[in-house]
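# Coordinates in review
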Amino acid sequence: MGAGAWQPLTGPSHQLALEILLDGPLSRAELARRVDLSAGSLTRLTKPMLESGLLVEVSGGPTDPRVGRPSQPLDIVPASHHFVGVKLTADAALGVVTTLRAEVIATEERPLPDHSPEVVADVVVELERSLAAGVPGITGLGVSLGGHITSAGDVLRGDFLAWFDVPFRRLLAERTDAQVVVSNDVTAVTEAIHWFGAGRGVSRFCLLTIGAGIGYGLVVHDKLVDTTDVGLGLVGHVQVDPDGPLCDRGHRGCASAMLTTEAITSQVGTALGRRVEYDECLDLAKDGVPEARRVISTAGHALGRLIAAATNFTMPEAVMLGGEGVRLASVAHEQVLAGIRSDRHPEAAIPPLVLQDPTFAQWARGAAVIAIQTFVLGR
């Protein structure tokens, strides 16, 4: 079955495919219950999906008492479609190719020669073609980056690339036959956690990311909360330490001034009188070096206060912590908990803190998930 051969379904057929994609394999009886269909209607709707290769019958189901033999649950064929996801940073394009269930098959990275939108688009499409070489075809291409991005894929502002009003989706669509979607990076990784990660089955959770910037994603009633302000970095300017340093906008002790990788390396480097890398800062703190330990402890407490603010306002079932700087939550675990308790009611429970993979491959996988959603939901 060629890339893009199956078009997004509608009505009950769409709901069936979505239920199987996210929770499969599922028995026909369970599917009929979930979508409120008769056995005959279920057979009629799933037959073309089985014939097209999108669905497959799998063995191992419980015995069906009506016919006296094991049932054959239905499942998605993950390899029926493939998607490329690319995460853009200030320096590189990091790509993955995934199945329809967001299983990563291969990864690849390419440097950005410069920040010209046309040059970056060329790099992304070259990366897509290279990743596509190992699979039958690419159905969708998802690209994510930090910034304020419209639903049409226009980058109104991309801070790390110094972009303003760039029609990036159009630039990509002119260079590839794959369906293209461009998204804010935190939105993309939130949806990856929601559909295929630790957030699967969690009706209400939030994601806080720490790295080059501070990000926040929210899922409520099993749906991403999305507004036109996504990508403005609003949570990065919540004050978490009234005695902290100033950020570039003049806010004292905000999350951006306290928790970004640059903020932490700058503070530790100044204290030590030399340049340091982020992981080195954490290692020095673990080893008890006073200058590093002081900065990391303070940052951990600040992270706890940021988590407390998020939980106080949205009352999530779980807090996902991600981004390339997430190791802070482990190294300064006690300080994080102290920061949470300082701003929570003493009788309030601390929700589970679920650390995510800090690698950039997870951000690229998020971009692929946005492409998967666009394809499956037909939006």
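Residue numbers restart at each chain and count upward from 1, following the sequence in its written direction. Since the coordinates come from a predicted model, pLDDT governs what is reported: local features require at least 70, and pairs of side-chain atoms require 80 or more to be given and counted, while whole-chain, interface and lining totals use all residues. Water and hydrogen atoms were dropped before computing side-chain values, which therefore reflect all heavy atoms in the structure.

In this section: the confidence of the model for the protein chain. The predictor's confidence in any single residue is recorded as pLDDT, a number from 0 to 100. Counting all residues, the mean pLDDT for the protein chain is 91, and 94% of those residues have values of 70 or more. The helix count covers DSSP runs of H or I at least four residues long, the strand count covers runs of E at least two residues long, and both are numbered beginning at the N terminus. Put simply, strand 3 (residues 69–70) is where the protein chain has its lowest mean pLDDT, 48, and helix 11 (residues 328–331) is where it has its highest, 98. Contact criterion: two residues are considered in contact whenever any of their non-hydrogen atoms come within 4.5 Å of each other. Long-range and interchain partners of residues 1–6, a stretch whose pLDDT sits below 50, account for 17 contacts in this model, where long-range means more than four residues apart.

Adjacent strands of a sheet form backbone hydrogen bonds with each other and so pair up, either parallel or antiparallel. A sheet is described by the order of its strands in space; here 3 strands give the open sequence 9-10-11, paired in antiparallel fashion. If you trace the sheet from one side to the other, it starts and ends with strand 9 (148–149) and strand 11 (163–166), each paired once. Here, a strand pair is defined by DSSP locating no fewer than two bridges between the strands.

Here the focus is the nonpolar core. In plain words, nonpolar cores are sets of buried Ala, Val, Leu, Ile, Met, Phe, Trp, Tyr and Cys residues tied together by side-chain atoms within 4.5 Å. A 1.4 Å probe rolled over the protein chains alone gives each residue an accessible area, and that area as a share of the maximum for its type sets the label: buried under 20%, exposed over 50%, partly exposed in between. One finds Leu259, Ile264, Ile296, Leu303, Leu306, Ile307 and Leu328 to be the most contacted residues of the largest nonpolar core, which totals 36 residues. The biggest single contributor to this core is helix 10 (residues 290–314), with 9 residues. With near-sequence residues (within four places) excluded, Ile307 lies in contact with Leu208, Val319, Leu321, Val336, Ile340 and Leu353. Counting 33 residues, the second largest nonpolar core, distinct from the first, contains Ala32, Val35, Leu54 and Ala368.

A few words on helix 4 (residues 117–132). Here a helix's expected span is defined as the number of its residues, less one, multiplied by 1.5 Å. The end-to-end C-alpha separation of helix 4 is 22 Å, in line with the 22 Å expected for 16 residues at 1.5 Å each. Within the sequence span of helix 4, burial applies to Pro117, Val120, Ala121, Val123, Val124, Val125, Leu127, Glu128, Leu131 and Ala132. Residues of helix 4 that are buried sit in contact with strand 5 (82–88), strand 6 (92–99), strand 7 (104–111), strand 8 (140–145), strand 11 and helix 5 (168–173).

This part is about unusual backbone geometry. For the bond running from Gly24 to Pro25, omega is 0°, close enough to zero to count as cis. Tracing the backbone through its elements, the reader meets Pro25 in the loop between helix 1 (11–23) and helix 2 (28–35). Although it is not a glycine, Met315 adopts a positive phi angle of roughly 45°. Looking at the element boundaries, Met315 is found in the loop between helix 10 and strand 16 (318–322). A relative accessible area of 56% means that Met315 is categorised as exposed.

Our next topic: the pairing of strand 8. Burial within strand 8 is extensive, with 6 of its 6 residues counted as buried. Burial of strand 8 is two-sided: the residues Gly140, Gly142 and Ser144 facing one way and the residues Leu141, Val143 and Leu145 facing the other way are all buried. In terms of strand pairing, strand 5 meets strand 8 through 6 bridges, oriented parallel. Residue pairing across strands places Val84 opposite Leu141, the latter belonging to strand 8.

Read across the sheet, 5 strands follow the order 15-14-13-16-17 without closing on themselves; strand pairing throughout is mixed. Each having just a single partner strand, strand 15 (223–224) and strand 17 (353–355) make up the two edges of the open sheet. Note that strand 13 (residues 205–210) and strand 14 (residues 214–220) share 6 bridges and pair antiparallel. Each residue of the ladder has a partner; that of Leu207, found in strand 14, is Gly217. Lines fitted to C-alpha atoms define the axes here, with helix axes fitted over just the stretch in contact, and angles between the N-to-C directions of these axes take values from 0 to 180 degrees. Contacting strand 13, strand 14, strand 16 and strand 17, helix 10 crosses the sheet at an angle of about 155° to strand 13.

This part is about the packing of helix 1 against helix 3 (residues 39–52). The interhelical angle for the contact between helix 1 and helix 3, taken along N-to-C directions, is 70°, at an axis separation of 10 Å. Considering the angle they form, helix 1 stands roughly perpendicular to helix 3. In the crossing of helix 1 with helix 3, the sense of the turn from one axis to the other is right-handed. Across the interface between the two elements, Pro12, Ser13, Leu16 and Ala17 from helix 1 touch Leu42, Leu45, Thr46 and Met49 from helix 3. Lys, Arg, Asp and Glu make up the charged group, whereas Ala, Val, Leu, Ile, Met, Phe, Trp, Tyr, Cys and Pro make up the nonpolar group; the residues left over, Gly among them, are polar. Broken down by class, the residue content of the contact of helix 1 with helix 3 amounts to 6 nonpolar, 2 polar and no charged. To sort the angles, those under 35 degrees are grouped as roughly parallel, those over 145 as roughly antiparallel, those from 65 to 115 as roughly perpendicular, and the leftovers as oblique. Handedness of a helix crossing follows the sense of rotation of the near helix relative to the far helix, less than a right angle counterclockwise being left-handed and clockwise being right-handed.

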